[in-house]
Every structure is written in C-alpha cells, then in structure tokens.
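# Chain and residue survey
Here are the chains, one letter per residue:
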Amino acid sequence: SRLRAELRKCGDMGKSLARQAERQDRAFACIDVAETSMELDVRETVITTMLSKLELHDNGYLKQLTKTASRIKFYIRDEEHAVRDPLLRIVAAISTQAATGKKGERMLTSEQIATVARVIGLTPGEVCRNLAAMKGSNKIYSEEFGTALCLELYTRPADEELDDIFEMLADSMTQLESSQLNKIRIVHQLLATAITLKADDDTPASVKMNNCIRQAVEQYFNSETPVLLPEPACTETEASLAPIRQAFRRFLESRSLTERPLNGRAVARIAYGIGSPAFPPPDWWNSALWGKYKHVGFHALKRLAQSVILELHG
C-alpha cells in the first residue's frame, strides 16, 4: 500500500516495521464515542456493553483495547524527525489539513489512528502514546479531542451470522434495561418504606431509616437469587391517553422532514424530560412536550408514541 511504501522509506527501521506488520496482519478499529452515541442515540456504557458481548462470544470477534483520543490536531516542529521517524512519517501522510486552515496544522481522526496502527504494527494506544512522547520532546505540537473505543478485530462475522448477532445484542440490551429498571424499583420501594418509619421513645426516626436501608442493601447483595419486582401495572385507559395521543400527533406533525426522525422511546423521553445523546435537553427545553407527562408510565408513553408514529408514517 501507499502507506507501507512510505514506511519503507525510513531506512532499515521502517523496512523492519513494515515486514513485521505484514506478518502480524493485525486489524484495528477506533470508534468515536461522541459520533456513535449520537448516531445510535445510546450512551457510551451501552456501546461498551455490546462490545463486551461480542468480545465474550464463542467466536471471539474482537478484543477491547485501551481508549484513545478520537481526534488529534498537530503540527510538526522538527521536519527532519518527520522524515526519519516511521510513525510520524505515516501519520503525516495519512492525516488531513485541519479545519482551522492554519499552515501546517493537521488532523488525525479515529479511523486514521486505526489505519496507522495496522500499517506500523502497533496498537492504537501505542500510536497515541508515541505521539504524546514526541510532543514532550518538542518534535511536534498536538492537542487531543474526544474519546475513541479501540478494538482489535479477530474474526469478521459471516453474512448468515449477522441476524443472530443482532438478535443477541438486542436481547442483551433489553435484559440490561430490565435490570437497571428493576434496581430503580427496588431503591424506590426501599425509600418509600424507610420514609414512613416513625421515632419511638428509644430510637429516632433517622436511625430506623438507616437500619432499614442497611439491612435491605445487605439482603440485596447477599441474596443468591435476584430480587425481581414486577413492572408497575398500567393504570391509564384509552380515554385518559386520548389527550396525550393528540399532543404527540401535533408534536410529530410539526417536525420538518429534514429533522432527525423520532422513535417511540425518544418521544417518551422528551415527554418525561429526559435527554439522550441524539436529543439533548437544551434542544427541547422550550418544547411544549418537554417533561409534561411525567405522571404517566414511561412504557405506556413509549407504546402510545410508537403507535402515533406508525399512524403518521406507516
């Protein structure tokens, strides 16, 4: 490749690194957390959980590595070093002009960091640490931005495996959400119980509350079987939901076709006053829907919103 050819121009060291990288043939990927969170509308913890599922899969599709910056802006201070050093030569060749337009200022993206790692036979983390060392020795000036999740890719799933993988990840995320909601219900039930405790002649109410909470926490962590609380029953009727249905319809009809489409979960979050990576609170604080229906069950709102979306868009 063009980059390997550049690598071989760096004398014996460059040629040795090129041969070693070709023998290893390691593949890497760097996922920009901010961009991916925005695109999928999920938080970093959800992305890392899905990656962990793929890492632990029987086929061992990938391995998670140390996080790096998602972008590195730099300019070269020592031009001679840039010609001699294999890593800096590759980085200079693959990077692009920074958006600032300043002469000599370059930008290295997460995708380019992964490519450099494969070409030179280092991990993405090692690439970034070496660049940081060059900054420390005044060979370059650099600034790091954002966060990237770095992976070493072992096996590419076959096309016929993809549906099963998607189903496995969807099931895992559903279980994760159910687990988190169950923890919230347990805490809510515990606090609701503790707050009703009254003082007596021997024990203040605060001591009773602390004892109640401590015992419940110990029981939770010492239990061999998980404590599962049922989802609260839906008390809303079609009649009580009718005004909300109309509000959802007006809200969705007012949106431009050029705006990002909303799903039922996103509409329910807005109605609850909950932000997400793709729909942050500052974008919705002035919306008539923001936080208006906190008194209604979230899942009822989600189902209602999804039904309205299907009526409008099929």
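These notes cover the structure that comes with them. (Residues numbered from 1 in each chain as written. Predicted model: local features only at pLDDT ≥ 70, side-chain atom pairs only at ≥ 80, totals over all residues. Heavy atoms only, no water.)

## Side note on the pattern of salt bridges
What counts, and what does not: Just to be clear on terms, a salt bridge is a Lys or Arg side-chain nitrogen sitting within 4 Å of an Asp or Glu carboxyl oxygen. To qualify as a helix, a DSSP run of H or I must reach at least 4 residues; to qualify as a strand, a run of E must reach at least 2; elements of each kind are numbered from the N terminus.
Enumeration over the complete set of coordinates arrives at 17 salt bridges. Of the charged contacts, one joins E152 and R26 as a salt bridge, the two residues approaching to 2.9 Å between their closest N and O atoms. Taken as a pair, E152 in strand β7 (residues 148-153) and R26 in the loop between α2 (11-24) and β1 (27-32) lie far apart in primary sequence, 126 residues in all. R269 is the salt-bridge partner of D41, the closest N and O atoms lying 3.2 Å from each other. Linking D41 in the loop between α3 (33-40) and α4 (44-56) with R269 in helix α12 (residues 264-272), this pair joins segments that are 228 residues apart in sequence. Residues joined in a network through salt bridges with shared partners are R245, R249, E253 and E311.

## Side note on the environment of S178
Using the following cut-off: Only protein chains enter the accessibility calculation, which uses a 1.4 Å probe. A residue is then buried if its area is under 20% of the maximum for its type, exposed if over 50%, and partly exposed in between.
One can find S178 in helix α9 (residues 162-194). Of the residues examined, S178 reaches a relative accessible area of 40% and is grouped as partly exposed. With 50 residues separating them along the chain, S178 and L228 place their C-alpha atoms 9.7 Å apart.

## A closer look at a negative patch on the surface
Selection rule: Think of a patch as exposed residues, more than 30% relative accessible area, with no salt bridge, where like charges cluster within 9 Å and nonpolar side chains (Val, Leu, Ile, Met, Phe, Trp, Tyr) cluster within 5 Å. Using a 1.4 Å probe, accessible areas were evaluated by the Shrake-Rupley method; residue-level cover was limited to the displayed protein chains. As used throughout, the charge tally considers Lys and Arg to be positive and Asp and Glu to be negative, leaving His and the chain termini uncounted. Charge placement uses NZ in Lys and CZ in Arg. For Asp and Glu, CG and CD serve respectively.
Taken together, the side chains of D163, D164, E167 and D171 define an acidic patch exposed on the protein surface. Residue position: D171 is located in helix α9. When its relative accessible area of 39% is taken as the criterion, D171 is described as partly exposed.

## Considering the sheet that holds strand β2 (residues 62-64)
Put simply, the rule is: By this definition, two strands are paired if DSSP reports at least two bridges between them. Axis definition: a line fit to C-alpha positions, over the contact stretch in the case of helices; interaxial angles, taken between N-to-C directions, run 0 to 180 degrees. Two residues form a contact once any of their heavy atoms are found within 4.5 Å.
One open sheet holds the three strands; their spatial order is β1-β7-β2, and the pairing between them is antiparallel. One side of each edge strand has no neighbouring strand; the edge strands of this open sheet are β1 and β2. Direction aside, neighbouring strands of the sheet carry axes that sit 30° apart on average. One ladder, built from six bridges, connects β1 with β7; its direction is antiparallel. Paired with D32 across the bridge in β7 is A148. Where α4 meets the sheet, its contacts fall on β1, β2 and β7, and the angle it forms with β2 comes to roughly 135°. Against the sheet, helix α7 (residues 110-120) touches β1 and β7, its axis set at about 165° to β1.

## Re the packing of α9 against helix α10 (residues 205-222)
Basically, it comes down to this: Relative orientations are named as follows: roughly parallel for angles under 35 degrees, roughly antiparallel for angles over 145 degrees, roughly perpendicular for angles from 65 to 115 degrees, and oblique for any other angle. Each crossing gets its handedness from the near helix: less than a right angle anticlockwise from the far helix is left-handed, clockwise is right-handed. Residue polarity is assigned by list, with Asp, Glu, Lys and Arg as charged and Ala, Val, Leu, Ile, Met, Phe, Trp, Tyr, Cys and Pro as nonpolar; anything else, Gly included, falls into the polar class.
Remark: α9 packs on α10, axes separated minimally by 9 Å, with the N-to-C direction vectors making an angle of 150°. Classified by the interaxial angle, the pair formed by α9 and α10 is roughly antiparallel. Read as a crossing pair, α9 and α10 show a hand that is right-handed. Here α9 contributes K183, I186, L190, L191, T193 and A194 to the contact with α10, which in turn contributes M209, C212, I213, A216 and Y220. Class assignment for the residues of the contact of α9 with α10 results in nine nonpolar, one polar and one charged.

## Thoughts on the sheet that holds strand β4 (residues 96-97)
On the basis of which strands lie adjacent, the open sheet formed by four strands has the order β4-β5-β3-β6 and antiparallel pairing. The two strands at the open ends of the sheet, each matched to only one other strand, are β4 and β6 (140-145). Sheet analysis places β4 next to strand β5 (residues 106-109), joined by two bridges and oriented antiparallel. The residue bridging Q97 from the neighbouring strand is R106, located in β5. Of the strands in this sheet, β3 (71-76), β4 and β5 touch α7, which is tilted by about 75° from β5.

## Focus: the packing of aromatic side chains
The test is simple: Ring pairs are drawn from Phe, Tyr and Trp, using the six-membered ring of Trp, whenever the two centres fall within 6.5 Å, and their geometry is named by plane angle: stacked under 30 degrees, edge-to-face over 60, tilted for the rest.
Applying the stated criterion to the full structure yields five aromatic pairs. Here Y75 and Y141 contribute two aromatic rings whose centre-to-centre distance is 5.6 Å and whose plane-to-plane angle is 35°, an arrangement assigned as tilted. With Y75 in strand β3 and Y141 in strand β6, the pair connects residues that are 66 residues apart, well separated along the chain. Looking at Y75, the relative accessible area reads 31%, which means it is partly exposed. When its relative accessible area of 30% is taken as the criterion, Y141 is described as partly exposed. One aromatic cluster in this structure is built from F251, F279 and W284.

## Re the environment of A132
Positionally, A132 belongs in helix α8 (residues 124-136). In this structure the C-alpha to C-alpha distance between A132 and E144, which are 12 residues apart in sequence, comes to 9.4 Å.

## Some points on a nonpolar patch on the surface
Judged by side-chain polarity, V217, Y220, F221 and V227 come together as a nonpolar surface patch covering roughly 360 Å² of accessible area. Residue position: F221 is located in helix α10.

## Some thoughts on the packing of α7 against α8
Close contact between α7 and α8 brings their axes to 8 Å; oriented N to C, the two are set at 100°. Taken together, the axis directions place α7 and α8 in an arrangement best described as roughly perpendicular. Contacts between α7 and α8 involve I113, V116 and A117 from the former and P124, V127 and C128 from the latter. Classifying every residue of the contact of α7 with α8 by side-chain character gives six nonpolar, no polar and no charged.

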